[in-house]
Amino acid sequence: MLLAANVAGMLSWADEVWAQVPTFLGRTQTDVLFAKTVVFAFACSLAQPLNFLFLKELAMSYKKSRFWLSVVIVMLLAALLNVGLAHADMLRVNSLADSIADDGACTLREAIINANEDAATWPDCRAGQGADVIYLDDLSGTILLTSDLPPITDPDGLVLHGPAVQHQLTIDGDNQYRILNVQAGPMTVRNLTLTGANSSSYGSVLSAPHGSTIEIWDSFVTNSSNSAIAIEGGSLTVVGSSFESNSGSFGAGIWATNNPSASQAAPVLLIDNSTFVGNLVSESGHAIYQYTGSLTINNSMLWSNGASNQGRGVVGYAGNTDITVTGCQFLSNHGWQGVALHDGGGSGTLRVENSIFGDNHASYRGGVIHSGGGMAIDIYHSTFQDNSADAEGGAISSYAPITIDRSTFSNNISAQTGGAIFTYSDGGTITITNSLFQNNSANFGGAIFYGRGLYVTNSTFYLNTAGVGGGALGSFTGWGEITNSTFDHNAALQGATLYFSSNSDPNLVLRNNIFANPSMSANCFSYNGTYPDGGSNLQYPDASCSVSIPVLDPLLDPNGPQDNGGPTWTIALQAGSPAIDRVP
């Protein structure tokens with residue numbers, strides 16, 4: 001028979017499911033009472049198998065066809081929300097002790113053993129059966145481990161369900177022991193604080209070396225060493241959770257790879273609405289490290305991870321890996337290079353959307369992103385502000401191709417080259433549209449130093465500064481085309497706007513641009529030749545870019561970039577500007 005507590009739970013569940021049914025399907029008082037009876041009976045049949053003929057007879061007793069549509073919807077909802085419940089059991093831990101004894105107290109250790117063995121091996125806890133749920137929600141305090149917990153070996157899977165109140169229950173590895181070792185089956189952790197774990201191999205909090213499906217919900221993973229969570233193959237989903245002050249060599253919070261010798265598929269990771277703070281590695285991935293597979297990070301905050309001169313990337317990755325970052329904030333992180341996102345070499349794509357990168361610092365290069373070559377970088381509608389590097393690329397250094405659209409780079413600093421972006425002479429092409437570069441600085445290329453191709457369209461460069469050459473753009477060997485863009489109040493000792501130092505003519509075609517109001521030097525500088533004039537350009541107050549470009553004051557808004565209705569801030573033209581309707 002069902003226990004009274006479970007009956008009450010089923011009634012509450014019936015209320016919740018019925019609330020999802022649209023009102024237009026018929027919800028008179030009689031309808032509601034009858035439907036709740038059906039839902040309750042169905043819930044009971046899922047939790048403890050009953051004769052479904054009872055449901056049939058109950059249904060036949062009610063003749064309202066429109067209402068029957070409601071009942072069908074309710075039954076489908078019930079089935080979707082409770083798949084597998086008929087083959088599961090629920091074990092309830094009622095003791096904080098970490099012991100095995102026939103003493104009337106059900107401990108976590110005993111519950112795991114019973115779940116693994118689908119038996120009441122320890123009679124203080126209920127017998128396991130199929131995919132088990134171990135409830136710890138009545139506990140408050142800390143379970144201090146005295147050894148590693150038993151490995152999870154039930155192929156049907158296990159759920160650890162903690163209290164709804166944050167930090168109410170902690171499982172502590174005492175800085176000596178691994179907490180969870182998943183050898184088989186899926187594993188879900190909910191509403192728990194997992195701390196102080198230690199192990200000789202990766203995954204001190206949770207290790208899943210055999211391609212399991214792992215989920216972490218609304219939990220805290222803290223102060224653990226040798227990578228808190230480690231998976232090989234399989235999948236990991238983390239939602240509403242926090243990783244704080246973990247350490248390791250790779251992936252202090254999460255380490256994911258595949259095991260080719262075990263013919264595992266590449267791992268699939270999803271991180272959503274989670275926080276990573278104060279994590280530290282010696283090699284790569286202060287928060288997360290992944291080798292091959294796919295990684296998606298949504299709506300998460302990663303801040304104050306890493307340390308000066310130590311480690312690469314809050315998120316580090318290598319191999320054939322696709323990375324998607326959406327709606328995230330990377331703030332005040334530190335490291336050696338590629339401080340927020342670091343590509344250690346491989347293939348795939350890094351896609352960044354609607355994200356903010358601020359106050360990150362690299363002791364070497366790539367204050368935010370470094371790409372080692374094969375992984376293309378795509379950036380959309382994102383902001384890079386107040387980032388810095390002691391060498392190349394205050395925000396980005398890359399050998400790989402870069403695409404940037406509707407994004408803003410402001411106040412980024414490189415102590416050497418490429419205040420916002422730096423690409424290598426043997427690297428990929430940069431393509432930029434509808435973006436703003438403001439107040440970035442470096443010795444060469446205050447905003448961008450391009451080693452190869454550069455293609456800029458509908459973008460604005462304002463108040464960028466180079467200590468030597470190229471206040472806005474600088475290059476020694478690159479080429480490309482600048483179209484429909486505005487350069488205003490940039491500064492450098494040579495080429496306040498454009499700088500090219502090769503003995504060959506600069507192969508940067510200029511079409512329908514404005515180059516105006518330079519500081520410290522003329523707009524354009526080239527060791528040899530002039531910039532190709534593609535037509536409809538303006539320069540002011542000098543003719544340094546090309547003698548074929550008219551020298552006219554474009555009458556730009558003296559307030560600089562403002563919100564003029566575009567995807568990023570732009571500089572408006574004042575009335576009477578010769579740039580108005582200039583394109584034929």
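All of these numbers come straight from a predicted model, not from anything done at the bench.

Rules of the game
- Residues numbered from 1 in each chain as written.
- Predicted model: local features only at pLDDT ≥ 70, side-chain atom pairs only at ≥ 80, totals over all residues.
- Heavy atoms only, no water.
- Helix = DSSP H or I, 4+ residues; strand = E, 2+ residues; numbered from the N terminus.
- Contact = heavy atoms within 4.5 Å.
- Areas by Shrake-Rupley, 256 points an atom, 1.4 Å probe, with all protein chains shown as cover.
- 1 Å grid on protein atoms, 1.4 Å probe; cavity = no way out; pocket = protein on both sides within 12 Å on 5 of 7 lines; lining within 4 Å.
- Points joined across faces, edges and corners; volume = space filled by probe spheres on them.
- Buried < 20%, exposed > 50% of the residue type's maximum accessible area, 1.4 Å probe, protein only.
- Polar contact = N/O pair within 3.5 Å; in protein donor to acceptor, adjacent residues only side chain to side chain.
- Core = buried A, V, L, I, M, F, W, Y, C linked by side-chain atoms within 4.5 Å.
- Salt bridge = Lys/Arg side-chain N within 4 Å of Asp/Glu carboxyl O.
- pLDDT = per-residue confidence, 0-100.
- Pairing = 2+ DSSP bridges.
- Phe/Tyr/Trp six-rings, centres within 6.5 Å; stacked < 30°, edge-to-face > 60°.
- Disulfide = S-S within 2.5 Å.

Asker: Explain the overall build of the protein to me, and be specific about the residues and the numbers.
Answerer: Secondary structure summary: the protein contains 5 helices and 52 strands in total. Counting contacts in the protein only where the partners sit at least 6 residues apart, residues at least 24 apart contribute 73% of the total. Summing over all exposed atoms, the protein offers an accessible surface of approximately 22200 Å²; the carbon and sulfur share of this is 53%.

Asker: Could you give an account of the layout of surface pockets, with specific residues and numbers?
Answerer: In this approach a probe as big as a water molecule rolls over the atoms, and the regions it shows empty are the leftover space. A volume near 350 Å³ is recorded for the second largest pocket. Taken together, 19 residues line the second largest pocket, and the ones lying closest to its centre are Asn484, Ser485, Thr486, Ile514 and Leu573.

Asker: Give a description of the environment of histidine 342 that names residues and reports values.
Answerer: Structurally, histidine 342 is set in strand 25 (residues 341-353). On the basis of relative accessible area, histidine 342 is assigned to the buried category, the value being 4%. Note: C-alpha distance between histidine 342 and alanine 318 (24 residues apart in sequence) is 8.5 Å. Setting aside residues up to four positions removed in sequence, histidine 342 forms contacts with Ser284, Arg312, Gly313, Val315, Gly316, Tyr317, Gln337 and His370. Within the structure, histidine 342 has its side chain in polar contact with the side chain of glutamine 337 (distance 2.9 Å).

Asker: An account of the environment of valine 339 is needed here, citing residue identities and associated values.
Answerer: Within the element layout of this structure, valine 339 appears in the loop between strand 24 (334-335) and strand 25. Apart from residues lying up to four places away in sequence, valine 339 is in contact with Gly313, Val314, Asn333, His334, Asn360, His361, Ala362, Gly366, Gly367 and Val368.

Asker: Help me get a handle on the nonpolar core, residues and values and all.
Answerer: Grouped together as the largest cluster of nonpolar side chains are 97 residues, with contacts concentrated most on Leu206 and Leu341. Those residues in contact with leucine 341, other than ones at most four positions away along the chain, are Val315, Tyr317, Val325, Phe330, Leu350, Val352, Phe357, Val368, Ile369 and His370.

Asker: Break down the pattern of salt bridges for me, citing the residues and quoting the values.
Answerer: This model, assessed by the stated rule, comprises 7 salt bridges. A salt bridge links arginine 312 to glutamate 283; its shortest N-O distance comes to 3.9 Å. Here arginine 312, found in the loop between strand 21 (301-303) and strand 22 (315-326), pairs with glutamate 283, found in strand 19 (residues 280-284); they are 29 residues apart in sequence, far enough to count as distant. Arginine 312 sits in the partly exposed class, given a relative accessible area of 24%. Given a relative accessible area of 32%, glutamate 283 falls into the partly exposed group. The salt bridge partner of glutamate 481 is arginine 511, with a shortest N-O separation of 3.0 Å. Note that glutamate 481 is positioned in strand 45 (residues 479-483) and arginine 511 in strand 49 (residues 507-511), a separation of 30 residues in sequence. For glutamate 481, a relative accessible area of 24% corresponds to the partly exposed category.

Asker: Describe the confidence of the model for the protein, listing the residues and the values that go with them.
Answerer: Chain-level pLDDT for the protein is 89 on average; 84% of the residues reach the 70-or-more range. Confidence over residues 1-14 falls short of pLDDT 50; this stretch has 18 contacts with residues more than four positions distant or in other chains. The low-confidence segment residues 16-27, where pLDDT is below 50, has 29 contacts with residues more than four positions distant or belonging to other chains.

Asker: Kindly report on the pairing of strand 22, identifying the contributing residues and their values.
Answerer: Judged from the 10 bridges that link them, strand 20 (residues 288-298) and strand 22 form a sheet pairing that is parallel. Note that in strand 22 the partner of tyrosine 289 across the bridge is glycine 316. Sheet analysis places strand 22 next to strand 25, joined by 9 bridges and oriented parallel. Residue pairing across strands places valine 315 opposite leucine 341, the latter belonging to strand 25.

Asker: Tell me about the packing of aromatic side chains, and name the residues and values.
Answerer: Counted according to the given criterion, the structure contains 19 aromatic pairs. Here phenylalanine 461 and phenylalanine 487 contribute two aromatic rings whose centre-to-centre distance is 4.7 Å and whose plane-to-plane angle is 5 degrees, an arrangement assigned as stacked. With phenylalanine 461 in strand 42 (residues 460-462) and phenylalanine 487 in strand 46 (residues 486-488), the pair connects residues that are 26 residues apart, well separated along the chain. One exposure class covers both phenylalanine 461 and phenylalanine 487, and it is buried.

Asker: For the state of the cysteines, give the residues involved together with the corresponding values.
Answerer: For the structure shown, the criterion picks out 2 disulfides. What pairs with cysteine 524 in a disulfide is cysteine 545, and their sulfur atoms sit 1.9 Å apart. The S-S bond linking cysteine 524 to cysteine 545 shows a torsion near 65 degrees; that makes this disulfide right-handed. Pair noted here: cysteine 524 is in strand 51 (residues 524-526) and cysteine 545 is in the segment after strand 52 (538-540), with a separation of 21 residues, a long-range link. Since its relative accessible area comes to 7%, cysteine 524 is described here as buried. Look at the protein and number its bonded cysteines as they come in the sequence; the links are 1-2, 3-4.

Asker: Give me the lowdown on unusual backbone geometry, citing residues and values where you can.
Answerer: Following tyrosine 540, the chain continues to proline 541 via a peptide bond in cis, the omega torsion being 10 degrees. Structurally, proline 541 can be placed in the segment after strand 52. Of note, aspartate 174 is a non-glycine position whose phi angle comes to about 55 degrees, a positive value. Structurally, aspartate 174 can be placed in the loop between strand 5 (169-172) and strand 6 (180-181). Classification of aspartate 174 by relative accessible area gives partly exposed; the value is 31%. Here histidine 489, not a glycine, exhibits a phi torsion of approximately 55 degrees, which is positive. Mapped onto the secondary structure, histidine 489 falls in the loop between strand 46 and strand 47 (491-494).

Asker: How would you sum up the pairing of strand 12 (residues 229-232)? Please name residues and give values.
Answerer: Across 3 bridges, strand 9 (residues 206-208) lies against strand 12 in parallel orientation. Paired with alanine 208 across the two strands is isoleucine 231, which belongs to strand 12. Where strand 12 lies against strand 16 (residues 254-257), 4 bridges are found, and the strand directions are parallel. Along strand 16, the bridge assignment pairs glutamate 232 with threonine 257.

Asker: Report on the side chain of asparagine 513, specifying residues and quantitative values.
Answerer: Counting through the fold element by element, asparagine 513 comes out in the loop between strand 49 and strand 50 (514-516). Since its relative accessible area comes to 1%, asparagine 513 is described here as buried. For asparagine 513, the side chain forms a polar contact with the main-chain nitrogen of asparagine 484, separated by 3.2 Å. Of the polar contacts made by the side chain of asparagine 513, one reaches the backbone nitrogen of serine 485; its length is 2.8 Å.

Asker: Tell me what's going on with the environment of valine 182, and back it up with residues and numbers.
Answerer: Note on placement: valine 182 falls in the loop between strand 6 and strand 7 (187-190). When its relative accessible area of 0% is taken as the criterion, valine 182 is described as buried. Valine 182 sits 30 residues away from serine 212 along the chain, and the two C-alpha atoms are 7.6 Å apart. Those residues within four positions of valine 182 in sequence are excluded, and the remaining contacts are Ile152, Met187, Leu206, Ser207, Ala208, Pro209, Ser212 and Ile214.

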